[in-house]
Amino acid sequence: MLGIGSISLLPGALIGKTNAAPHQGWNKESMLWEINPLYNEIKMKARLLANENPFGPSPKVQKAISDSISLGNRYGHGDAAYLISMLAEKEGVKPENIMLGPGSTDLLEKTAIVLCKDGGNVVSADPSYMSLVNTAQAIGGSWKAVPLKDDYAHDLEGMQSAIDADTKLVYVCNPNNPMGAITEAGSLREYCKKASKKVPIFVDEAYLEFMDKPEDNTMVGLVSEGHDVMVARTFSKIHGMAGLRIGYLVATEERIKSITSMVRGTMGLCVTSLKGAIASVQDPSFLSDCRKWNKESREFTSEQLHGMGFQEIPSYTSFMIFPIEEEGKGFAKKMMDQGVGIRVYSIADSPWCRVSMGTMDEMKLFVDALKSATA
Ligand SMILES: Cc1ncc(COP(=O)(O)O)c(C=O)c1O
C-alpha cells in the first residue's frame, strides 16, 4: 500500500506510461491520468464520481427556480446584474470586478482563450485541475508543470522560477483537485502579490467553502488591493447547483474588461439558474449545513478507510483521494457493479481512487463496496 508522501513526483517527460486509456480532456504530459469514468446512471446507487453536492439545491433555490419558469421568454440581464451586485457586496469588491459564467469551467476556458490566443505558456501544479491548461494547449499554448511538494501543497518557489518571458498566467487550484490538499493561505497570498507583478495569477477556489474558515483562506482580498489576481468560484459545489451552471470570476476591473471585450459573461446564463443563485446567496444557513454534513461524511469515510488499511490524503474539500493496489479500471468496474461510482486516476503510474462525499447512506454503500472489491 502506498502511503502519504510516497508517490514519486516525476517530471512531466517521464510520466504517462500507464496502460489505462486517458480521458480525452486530460493532458498526456501530466503525471495525472484520468481513467475513463464508468458512467452507468442506471446502476448507480451512490454517485460519488463528480464532486457533486448530494444535498442541493436547497429548498429555497428549488422554489425560486420553479417560480421563475414563466420568465423563460426573457433574457436574464436584470437578474445577472442583481446577482453581480450581491456577489460584489459579499466579496467586498465593486460590481465591475465580477464576471458571471455558466459554471466556472466557462470562466476557466474563456480566460485561457483570451490570455493564450497568441500562444505562450501557463504555469500550474501537477497534479491539478486541468481545464484551463487543456484549453490553453488546444489553442497553441504550452504548459509548464511544477510538481506538487511532498505534502501535496503547491511548490510556490518552483512556480515563481517557472515564470518566464512567455508565461501568460499562473493557475493555482486551492484547495486542489484531485489531491484535496491545501496550500497555506499566508504563503499563497505572498506568492500572488509577488508573482502578479509579472503575470496574472488565476486562483480556482471551487472547493474553498468546504473549509472551516473560507474567509481566512480566500485570495479575493488581493483583487480590491489592486493585484492582478483572478479568483474563480462556483455554485456547483457547496451550493449544490452543478447542473444549473453558474460560476463567477473576481478580478481587477481592467482584467474583467480585457476578457469581456472578447467574450461575454452573462449571455450563457439561464434566468431560472440566476434566480436560483440569488436565492442561494440569500440562504447562507444551507451552506453551513452542507459544510457540516460534508465534514461528517469526510470524518466517517476517513475512519473507515483507515480501518481497512487505506491512507487518504487529508482533505479540505468535498472528496478524498487514496492510493489503491490494483489497476484502476478493473477496480472502478468492481465498484460500479455494486452501484458505487468513484473516479480512478493514475498518478505517476500508480493507481488512486477519488471518492466524492455523499450522504452518510451513500458513504456506507461506498465502504461496503470497497470492502468487497478489495476482499
Ligand atoms: C477545481 C475545479 N474547478 C472548476 C470546476 C468546474 O466546475 P463548474 O464548471 O461546475 O463550476 C471543477 C469541477 O469539478 C473543479 O473541480
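Keep in mind that what you see is a predicted model, and the values were worked out from it rather than measured.

Our focus in this paragraph is the environment of Ile182. Within the element layout of this structure, Ile182 appears in the loop between strand S6 (167–173) and helix H6 (185–195). Note: C-alpha distance between Ile182 and Glu296 (114 residues apart in sequence) is 19 Å. Apart from residues lying up to four places away in sequence, Ile182 is in contact with Ala153, Asn174, Pro175 and Tyr316.

Here the focus is the domain arrangement of the protein chain. In many reports, interface size means the accessible area that the parts give up when they come together. Parsing the protein chain into structural domains produces domain 1 (12–55 + 285–373) and domain 2 (59–281). Once you take the C-alpha centre of each, domain 1 and domain 2 turn out to be 24 Å apart. Sorting elements by how many residues they give to the side of domain 1 that touches domain 2 places helix H11 (residues 284–307) first, with four residues. Taken together, the residues of the side of domain 1 that touches domain 2 break down into 14 nonpolar, ten polar and four charged.

We now examine the sheet that holds strand S7 (residues 201–204). Taken together, seven strands build an open sheet; the order of strands is S3-S9-S8-S7-S6-S4-S5 and the sheet is mixed. Only two strands of the sheet have a single neighbouring strand rather than two, namely strand S3 (98–101) and strand S5 (142–147). Taken over all neighbouring pairs, the strand axes of this sheet differ in orientation by 20 degrees on average, direction set aside. As judged from the four bridges shared by strand S8 (residues 229–234) and strand S9 (residues 247–250), these two strands associate in the antiparallel manner. Paired with Arg233 across the strands is Tyr248, a residue of S9. Sheet contacts for helix H2 (residues 77–91): S3 and S9; angle to S3, the most-contacted strand, approximately 125 degrees. Across the sheet, H6 touches S6, S7 and S8, and the angle it forms with S7 is around 150 degrees.

Moving on: the site of the ligand. Near the ligand you find 13 residues, and of these Gly103, Ser104, Thr105, Thr234 and Ser236 are the closest. Of the residues assigned to the shell around the ligand, the class counts are four nonpolar, eight polar and one charged.

Attention now goes to the confidence of the model for the protein chain. Across the protein chain, the average pLDDT comes to 91, with 90% of residues at or above 70. When the criterion is pLDDT under 50, residues 1–25 qualifies, and its contacts beyond four places in sequence or with other chains add up to 49 contacts.

Moving on, we get to helix H13 (residues 360–373). At 3.6 residues per turn, the α-helix brings residues three or four places apart onto the same side. In this model H13 runs 20 Å from its N-terminal to its C-terminal C-alpha over 14 residues, within 8% of the 20 Å that 1.5 Å per residue would give. Residues of H13 that are buried make contact with strand S2 (46–47), H11, helix H12 (328–337), strand S11 (340–341) and strand S13 (350–356).

This brings us to the sheet that holds strand S10 (residues 319–323). With respect to topology, four strands assemble into an open sheet ordered S1-S12-S13-S10, the strand pairing being antiparallel. Two strands bound the open sheet, and with one partner strand each, they are strand S1 (32–34) and S10. Taken over all neighbouring pairs, the strand axes of this sheet differ in orientation by 30 degrees on average, direction set aside. As paired strands, strand S12 (residues 343–347) and S13 are joined by five bridges and run antiparallel to one another. For Arg343, the partnering residue across the bridge sits in S13 and is Arg354. Together, S12 and S13 form the strand contacts of H12, whose direction differs from that of S12 by roughly 165 degrees.

This brings us to helix H10 (residues 271–281). Most of H10 sits inside the fold, with nine of its eleven residues counted as buried. The set of residues buried in H10 consists of Val271, Ser273, Leu274, Lys275, Gly276, Ala277, Ile278, Ala279 and Ser280.

Rules and cut-offs
Residues numbered from 1 in each chain as written. Predicted model: local features only at pLDDT ≥ 70, side-chain atom pairs only at ≥ 80, totals over all residues. Helix = DSSP H or I, 4+ residues; strand = E, 2+ residues; numbered from the N terminus. Contact = placed C-beta atoms within 7 Å. Domains from an automatic or database assignment. Nonpolar A, V, L, I, M, F, W, Y, C, P; charged D, E, K, R; others polar. Pairing = 2+ DSSP bridges. Axes fitted to C-alpha atoms, helices over the stretch in contact; angles between N-to-C directions. Near = placed C-beta within 6 Å. pLDDT = per-residue confidence, 0-100. Expected span 1.5 Å × (residues − 1). Buried ≥ 20, exposed ≤ 12 C-beta atoms within 10 Å, placed from the backbone.

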